[in-house]
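Letter by letter, the chains look like this.
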Amino acid sequence: MRILVFNAGSSSVKFGVFEEREGPNHLLKATYERFDRGGCTYRLEVRGKRLEGRRPLGSVAAAVAGVPAILDEHGLSDVDAIGHRVAHGGERFTAPVRIDDGVVGAIEALVPLAPLHNPVALDVMRATRVLWPALAHVAVFDTAFHLTNPPRATTYAVPRAWRDAGLRRFGFHGTSHKYVAERAADALGEPLRELKLVSLHLGNGASACAVQLGRSIDSSMGMTPLEGLVMGTRSGDVDPGMFGFLDRSMGLTIQEIEKVLYEESGLKALAGSSDMRDIEDQAAAGDDAARQAIELYAYRARKYVGAYAAAMGGLDVLVFTGGIGENSSSMRRRICDGLGFLGLQIDADRNAAVRLEHYVAPQIQAYGSRVRVLVTETAEQLMIAKEVVRLLRRPEPVDVRIPVAVSARHVHLDRSAVAALFGEGYELTPASALRQPGHWLAEERLTLEGPKGRLERVAILGPLRDRVQVEISRTDGFALGIEAPVRDSGKLDGTPRIGLVGPAGTIDTDGVIVAARHVHTNPADAVRYGLSDGDEIEIRLGNGDREASFGATLVRVSAGAVTEMHIDTDEANAAGLDGAAEGQIVASAKAILRS
Ligand code: AMP
């Protein structure tokens, strides 16, 4: 499949042609920018050749109209689909979508949220739908990756009426963060789902993103791309109280302040240039303002890395991308120096030797560093091409149904916990067998004791494990006064503590989690359903008005397992389940990728 990708910015348009195959697959890339007085600058790379110059094209629409002739000239007219980067998808667009009139209308309705970016993307979309009426056109949204952020990360503490009007944090650069997170996991040869990762996209715009369980859980940009890190011309975090102060002391209007925060702030305000190369040169020449700008830039980025390590309960991987993240070894070093308390140490030689081409992702941590540090190109267009292929190859929903089991709160114990709670040498008594072979419910019960409350008669499941694991729902967490993270079973590092009370004693243990939903299956059923170990699938559950779809459901294939989906009581309530139920497999993410 050959994909033509458009990435329209507020004052530039880039396009690229990608071939869907292993290895280098970027056939052509072009950028038109600096539109003024009926002309623009033009850069084209194709088959190792580079062309640059000015063209008599006065607008983004005129540039797009010339694309078919360029493709023709380079023998690349034969494209199969078109991908578009769209800055803002609001709450509606959680994933890439095929563009039709309804989608165009919905993106138009989101213009107030992205007044500089969405209108240009719409212009390009309208033009390409006329130029290539027979092709599939797909919109890929910068905000979509962050729609998995929990409410605590997306909510501003402001009146309900404002929130009802749409005020919330969204996050941007999602296509970039998703790409670099997947690329880093791939380079490390480890499942992304098992990594706590921070992605630092440091370009003209800049943002940090925390990725846990393969999903974005927080991001430094907010309602608009103004919040967060220091950027080329944008301020990043400021105190909203400054609006009143600037009004009273300088007589500035909201519009004036907003324009300055977008266009005249950040590095430009601090050092007189928005270009980090200039600033690094000025700093080397002894310019104090440039030095301070560099320090402030690194300090803000380092603070976000630390904050996200706290949000995730640890950090396994830090990834740098964007023009500054990819090219400035000194900025990478400044940000990383001072993160030693997280077990992060970079190797000066590896850091200095980074050369990025052909989508490589070199590691630059020092030997023995607990946190791996990678650098990689952002490759947003490549990611958009991949998303287009994923969407278009997505199989029609198949009517495969699997049984669903609802896990109420329970505890898995180890040998020493049994001794402490029930007495030395005590053996738990199996009361009934569970559906998974070898697993059973014990006759004994325990009490969970949290800082806020107790839960009595909590079930114990056998057999014994190597480490105590306490599985509660989020609702239970509120009753106990504990904030338990959503984790895959067995991933217990950095989990909160709780008291367990048995007839012979009490213990204080970590290991409290909200179990991530999952599907158990065996090798034979896995083949039948088209699933593999580690796949993440979407399952539809429930009936009538409470029907719900659960994405990111992990598939675990093991010999002898009985095929069954496990969800907790909150999830069951959300889908209106009571008693036995079945779930319908809607889509398998990895199966789509493999196809
Ligand atoms: P982007 O928006 O991703 O193209 O990134 C643009 C930013 O990357 C600008 O601030 C550039 O100055 C910066 N940049 C590009 N190359 C270098 C370099 N070699 N050293 C420092 N900064 C760089």
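On a predicted model such as this, the values are computed, not experimentally measured, just so you know.

**Q** Explain the sheet that holds strand E9 (residues 197–202) here, please?
**A** Strand pairing in a sheet relies on backbone hydrogen bonds, with the paired strands running either antiparallel or parallel. Read from one edge to the other, the open sheet built from 5 strands follows the order E11-E10-E9-E12-E13, with strand pairing classed as mixed. Each end of this open sheet is capped by a strand with a single partner; those strands are strand E11 (215–219) and strand E13 (372–375). If you compare each strand with its neighbour and ignore which way they point, the axes differ by 25° on average. By the bridge criterion, 6 bridges tie E9 to strand E10 (residues 206–212) in an arrangement that is antiparallel.

**Q** Help me out: how do you make sense of the pairing of strand E1 (residues 2–8) in this one?
**A** Put simply, side chains in a regular strand alternate between the two faces of the sheet. Counting buried positions along E1 yields 7 of 7 residues, so the element is predominantly enclosed. The sheet contact formed by E1 and strand E2 (residues 12–19) spans 7 bridges and is antiparallel. Residue pairing across strands places Ala8 opposite Val13, the latter belonging to E2. Here E1 runs beside strand E6 (residues 81–86); their pairing, made up of 5 bridges, is parallel. If you follow Asn7 over to E6, its bridge partner there is Arg85.

**Q** Just to check I follow, could you spell out the packing of aromatic side chains for this structure?
**A** Aromatic rings considered in pairs are described by the distance between their centres and by the relative angle of their planes. The tally for this structure, following the rule as stated, stands at 6 aromatic pairs. Look at Tyr32 and Tyr42: their rings are 5.2 Å apart centre to centre, the planes differ by 45°, and that puts the pair in the tilted class. On the criterion of sequence distance, the pair formed by Tyr32 in strand E3 (residues 26–36) and Tyr42 in strand E4 (residues 39–46) is long-range, its members being 10 residues apart. When its relative accessible area of 2% is taken as the criterion, Tyr32 is described as buried. The exposure class of Tyr42 is buried, given its relative accessible area of 7%. Look at Phe422 and Tyr426: their rings are 5.3 Å apart centre to centre, the planes differ by 20°, and that puts the pair in the stacked class. A connected cluster of aromatic rings, assembled from ring pairs, spans Phe6, Phe15, Tyr32 and Tyr42. The lysine or arginine in question, Arg55, covers the ring of Tyr42, its NZ or CZ lying 3.9 Å from the ring centre. Note that Arg168 overlies the ring of Phe170, its terminal NZ or CZ placed 4.5 Å from the centroid.

**Q** Please clarify how the pairing of strand E18 (residues 454–462) should be interpreted in this entry.
**A** Pairing of strand E15 (residues 410–412) with E18, which is carried by 3 bridges, proceeds in the parallel orientation. Each bridged residue has a counterpart across the sheet, and for Val411 the counterpart in E18 is Ile460. Summarising the sheet, strand E17 (residues 440–449) and E18 pair through 6 bridges and their orientation is antiparallel. Across the sheet, Trp440 pairs through a bridge with Gly462, a residue of E18. Adjacent in sequence and paired antiparallel, E17 and E18 are bridged by 4 residues.

**Q** I would appreciate a short explanation of the site of the ligand in the present structure.
**A** The local shell around the ligand consists of Gly203, Asn204, Ser274, Asp275, Met276, Arg277, Glu280, Gly322, Gly323, Ile324, Asn327 and Ser328. Within the side chain of Asp275, an N or O atom sits 2.3 Å from an oxygen atom of the ligand. Gly323 is positioned with one of its backbone polar atoms (N or O) 2.8 Å from an oxygen atom of the ligand. Protein chains bury 71% of the 500 Å² of accessible surface belonging to the ligand in isolation. Secondary-structure elements contributing two or more residues to the shell around the ligand are helix H11 (276–284) and helix H13 (322–327). Counting residues per element, the shell around the ligand draws most heavily on H13, at 4 residues. By residue class, the composition of the shell around the ligand is 2 nonpolar, 7 polar and 3 charged.

**Q** I'm lost on helix H14 (residues 329–336) in this one. Help?
**A** Count 3.6 residues to each turn of an α-helix, and residues three or four apart come out pointing the same way. Within the sequence span of H14, burial applies to Met331, Arg332, Ile335 and Cys336. The buried residues of H14 occupy an angular sector of 130° when projected down its axis, which confines them to one face. Positive phi shows up at Gly338, right after H14, with a value of about 105°.

**Q** Can you help me understand the nonpolar core in this one?
**A** Nonpolar side chains tend toward joint burial in soluble globular proteins. Leu200, Leu202, Tyr297, Leu315, Leu318, Phe320 and Leu344 are the most contacted members of the largest nonpolar core, which has 44 residues in total. Counting only elements with at least two residues in this core, the list comes to E9, E10, helix H10 (266–271), H11, helix H12 (288–312), strand E12 (317–321), H14 and E13. At 11 residues, H12 tops the list of elements feeding residues into this core. When sequence neighbours within four positions are dropped, the list of residues in contact with Leu202 reads Leu229, Tyr297, Phe320, Thr321, Gly322, Gly323, Ile324, Gly325 and Ile335. Listed in part, the 31 residues of the second largest apolar core include Phe145, Ala181, Leu197 and Val319.

**Q** Hey, could you run me through the packing of H12 against H14 in this one?
**A** Helix packing for two helices is described by the angle between their axes and how far apart those axes are. With their axes 8 Å apart at the nearest point, H12 and H14 run at an angle of 55° to one another. What the angle tells us is that H12 and H14 run oblique. Crossing of H12 over H14 shows right-handed handedness. Judged by residue contacts, Ile294, Glu295, Tyr297, Ala298, Ala301 and Arg302 of H12 engage Met331, Arg334 and Ile335 from H14. When its residues are assigned to classes, the contact of H12 with H14 shows 6 nonpolar, no polar and 3 charged.

**Q** Where do I start with the environment of Leu27 in this structure?
**A** Tracing the backbone shows Leu27 in strand E3. It is 46 Å that separates the C-alpha atoms of Leu27 and Ala575, two residues lying 548 residues apart in sequence. Each residue touching Leu27, except ones within four places of it in the same chain, is listed here: Arg2, Val17, Glu19, Arg21, Glu45, Val46, Arg47 and Leu76.

**Q** How should I be thinking about the sheet that holds E3 in this particular structure?
**A** As summarised here, the arrangement of the 8 strands in space is E5-E4-E3-E2-E1-E6-E8-E7, forming an open sheet in which the pairing is mixed. With partners counted over all chains shown, the strands left at the sheet margins are strand E5 (49–55) and strand E7 (97–98), one partner each. Across 2 bridges, the pairing between E7 and strand E8 (residues 136–141) is antiparallel. For Val97, the partnering residue across the bridge sits in E8 and is Ala139. Running at roughly 165° to E6, helix H4 (residues 118–131) makes contact with E1, E2, E6 and E8 of the sheet.

**Q** So what exactly am I meant to see when it comes to the environment of Phe341 here?
**A** By the element assignment, Phe341 lies in the loop between H14 and helix H15 (348–352). Sequence spacing of Phe341 and Gly306 is 35 residues, and the spatial spacing of their C-alpha atoms is 9.6 Å.

Conventions adopted
- Each chain carries its own residue numbering, running from 1 in the direction its sequence is written.
- In keeping with the predicted nature of the model, local features appear solely for residues at pLDDT of at least 70, side-chain atom pairs appear and are counted solely at 80 or more, and the whole-chain, interface and lining totals rest on all residues.
- Water and hydrogen atoms play no part in the side-chain values, which are based on all heavy atoms of the structure.
- Here, a strand pair is defined by DSSP locating no fewer than two bridges between the strands.
- A run of H or I in DSSP counts as a helix once it spans at least four residues, and a run of E counts as a strand once it spans at least two, with each numbered from the N terminus.
- Between N-to-C directions, angles span 0 to 180 degrees; the directions come from axes that are lines fitted to C-alpha atoms, helices contributing only their stretch in contact.
- The buried label applies to any residue whose accessible area, calculated with a 1.4 Å probe on protein chains only, is under 20% of its type's maximum; exposed applies above 50%, and partly exposed to all values in between.
- A pair of Phe, Tyr and Trp rings is counted when the ring centres sit within 6.5 Å of each other, with Trp represented by its six-membered ring. The angle between the planes then sorts it: under 30 degrees is stacked, over 60 is edge-to-face, the rest tilted.
- Think of it as a cone above the ring: NZ of Lys or CZ of Arg counts as a charge over the ring if it is within 6 Å of the ring centre and within 35 degrees of the ring normal.
- Summary of the distance rule: residues count as near a molecule or strand when at least one heavy atom falls within 4 Å of that molecule or strand.
- Side-chain atoms alone can form a polar contact between residues adjacent in sequence; in general such a contact is a pair of N or O atoms within 3.5 Å, and within protein one must be able to donate a hydrogen while the other accepts it.
- Method for areas: the Shrake-Rupley scheme with a 1.4 Å probe, in which residue coverage is limited to the protein chains shown.
- Residue polarity follows a fixed list, in which Ala, Val, Leu, Ile, Met, Phe, Trp, Tyr, Cys and Pro are nonpolar, Asp, Glu, Lys and Arg are charged, and the others, Gly among them, are polar.
- Directions pointing from the helix axis toward each C-beta atom define the arc.
- Each nonpolar core is a collection of buried residues, namely Ala, Val, Leu, Ile, Met, Phe, Trp, Tyr and Cys, held together in the definition by side-chain atoms within 4.5 Å.
- Whether two residues touch is decided by their heavy atoms; if any such pair falls within 4.5 Å, the residues are in contact.
- Angle categories: roughly parallel below 35 degrees, roughly antiparallel above 145, roughly perpendicular from 65 to 115, and oblique for all the rest.
- Crossings are assigned a handedness: left-handed for a near helix turned anticlockwise from the far helix by less than a right angle, right-handed for a clockwise turn.

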